[in-house]
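Here are the chains, one letter per residue:
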Amino acid sequence: MSDLSDAAGARDLIPPALDARKRPRPGERKAQILQALAAMLEQPGSERVTTAALAARLSISEAALYRHFVSKAQMLEALIEFIETSVFTALEPSAGHAAGSDGDAQARRALAVLLQFAERHPGMARLMAGDALAHEDERLNARMNAFFERLEGHVRQHLRAAAQEAGSASPTADAQVQASALCAFALGRLQRFARSSFQRAPTEHLEAVLALVLR
C-alpha cells in the first residue's frame, strides 16, 4: 500500500499538526486519514477508534472522511493491505535468501520479519492480534486470518524442505506441526505486545525460542 511507508512507525508518518486552511494535494488527505488511524491504534490501552474521534484528530468532519473511504471497515482494510504488502514483500526471495536454501533459517526469518514489523508498527500489531478488530466487520477478521494462513504456508514450505534434507520419514507432517507451533507462538507474542500496552517486545528472546521449537 503506497499510502504508508514501511520505513517508520505511524507516529513518524503523521504530521505533528494538520493545517485545515491548506487544501491537501490529491491523495494526501487519504494518506493522512490512514496515518491518523494507525497512530490512534498505537495509543496504549486505547478504546475502539470511532470515526468521530478520527475526524476530530484531523480537524475535519466525518462527512469528509467518507469522501475518501466509504466506511471505517475500508480504512481498516487499507491498513491490513499495508501489513500484507510489507510482510510478504520482505519475505520474497532475494540474493541473500535464495528460495529453498536452509529451510530452518528461512522459517526463522519469516517469524522475525513478522515480529520485527509489529515492533516497529504497534498499531498494526493490534490489528494482527485481533483486538483492534473486535466488533468490526467480520470480513476484516477473515482477511487477517487469511494473512496468517498464508504465512503458515510459507513457513511450512521451508520447514518441509528442511525435513527432507534431514532425512525425515514424514517431512510433510513434521513441517505442519512445526509451522503451526511457530505461527501460534507468533500470534501469542502479538497479543502479549498489544495487551502489555506495547511494553513486552514481540522479539524478546526470539532466537532462543525458535531454536527450541526447531531443534
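Since the structure is predicted, the reported quantities are computational estimates derived from the model, not experimental observations.

So, about helix 10 (residues 206–214). Listed in full, the buried residues belonging to helix 10 are Leu206, Leu210 and Leu214. Across the axial projection of helix 10, the buried residues extend over an arc of 50 degrees, all falling on one side.

Take the confidence of the model for the chain next. When the pLDDT values of the chain are averaged, the result is 85; 83% of them are 70 or greater. Ranking the elements of the chain by mean pLDDT puts helix 1 (residues 10–13) last, at 42, and helix 5 (residues 72–90) first, at 96. pLDDT under 50 marks residues 1–21. Its contacts with residues more than four places away, or in other chains, come to 45 contacts.

Attention shifts here to the packing of helix 9 (residues 171–195) against helix 10. Running from N to C, helix 9 and helix 10 cross one another at 155 degrees; their axes reach a closest spacing of 10 Å. Judged by the inter-axis angle, helix 9 sits roughly antiparallel to helix 10. Here helix 9 runs over helix 10; the crossing is right-handed. Contacts between helix 9 and helix 10 involve Gln178, Ala181, Leu182, Phe185 and Arg189 from the former and Leu206, Val209, Leu210, Val213 and Leu214 from the latter. Across the contact of helix 9 with helix 10, the residue classes break down as eight nonpolar, one polar and one charged.

In this section: the pattern of salt bridges. This model, assessed by the stated rule, comprises ten salt bridges. A salt bridge links Arg48 to Glu136; the shortest N-O distance between them is 3.0 Å. Taken together, the residues span a long stretch of sequence, with Arg48 in the loop between helix 2 (28–41) and helix 3 (51–58) and Glu136 in the loop between helix 7 (122–129) and helix 8 (138–165) at a distance of 88 residues. Across the pair Arg139 and Asp137 runs a salt bridge whose closest N-O atoms are separated by 3.7 Å. A relative accessible area of 39% means that Arg139 is categorised as partly exposed. A relative accessible area of 34% places Asp137 in the partly exposed class. Three or more residues joined by partner-sharing salt bridges are found here, namely Glu77, Glu84, Asp137, Arg139 and Arg143.

A few words on the packing of aromatic side chains. Both the distance between ring centres and the angle between the ring planes are used here to describe each pair of aromatic rings. Counted according to the given criterion, the structure contains four aromatic pairs. What links up through ring pairs into an aromatic cluster is the set Phe88, Phe147 and Phe148. Between the NZ or CZ atom of Arg150 and the centre of the ring of Phe88, over which it lies, the distance is 3.7 Å.

Attention now moves to the nonpolar core. Counting 62 residues, the largest nonpolar core has Leu54, Ile83, Leu114, Leu127, Met128, Phe147 and Leu190 as the members making the most contacts within it. Broken down by element, this core gets its largest block of residues, ten residues, from helix 5. Beyond its immediate stretch of four places on either side in the chain, Leu114 contacts Val87, Met128, Phe147, Phe148, Leu151, Ala186 and Leu190.

Here we come to the side chain of Arg126. Structurally, Arg126 is set in helix 7. Given a relative accessible area of 7%, Arg126 falls into the buried group. Among the polar contacts made by the side chain of Arg126, one reaches the main-chain carbonyl oxygen of Leu41 at a distance of 3.3 Å.

At a closest axis distance of 10 Å, the pairing of helix 2 and helix 3 adopts a crossing angle of 115 degrees. As helix 2 runs across helix 3, the sense of the crossing is right-handed. Between helix 2, through Arg29, Gln32, Ile33, Ala36, Leu37, Ala39 and Met40, and helix 3, the contact on the second element is made entirely by Ala53, Leu54, Arg57 and Leu58. Partitioning the contact of helix 2 with helix 3 into residue classes produces eight nonpolar, one polar and two charged.

Here is what the cut-offs are and how they apply
Residues numbered from 1 in each chain as written. Predicted model: local features only at pLDDT ≥ 70, side-chain atom pairs only at ≥ 80, totals over all residues. Heavy atoms only, no water. Buried < 20%, exposed > 50% of the residue type's maximum accessible area, 1.4 Å probe, protein only. Helix = DSSP H or I, 4+ residues; strand = E, 2+ residues; numbered from the N terminus. Arc of directions from axis to C-beta. pLDDT = per-residue confidence, 0-100. Contact = heavy atoms within 4.5 Å. Axes fitted to C-alpha atoms, helices over the stretch in contact; angles between N-to-C directions. Parallel < 35°, antiparallel > 145°, perpendicular 65-115°, else oblique. Left-handed = near helix turned anticlockwise from the far one by under 90°. Nonpolar A, V, L, I, M, F, W, Y, C, P; charged D, E, K, R; others polar. Salt bridge = Lys/Arg side-chain N within 4 Å of Asp/Glu carboxyl O. Phe/Tyr/Trp six-rings, centres within 6.5 Å; stacked < 30°, edge-to-face > 60°. Lys NZ or Arg CZ within 6 Å of the ring centre and 35° of its normal. Core = buried A, V, L, I, M, F, W, Y, C linked by side-chain atoms within 4.5 Å. Polar contact = N/O pair within 3.5 Å; in protein donor to acceptor, adjacent residues only side chain to side chain.

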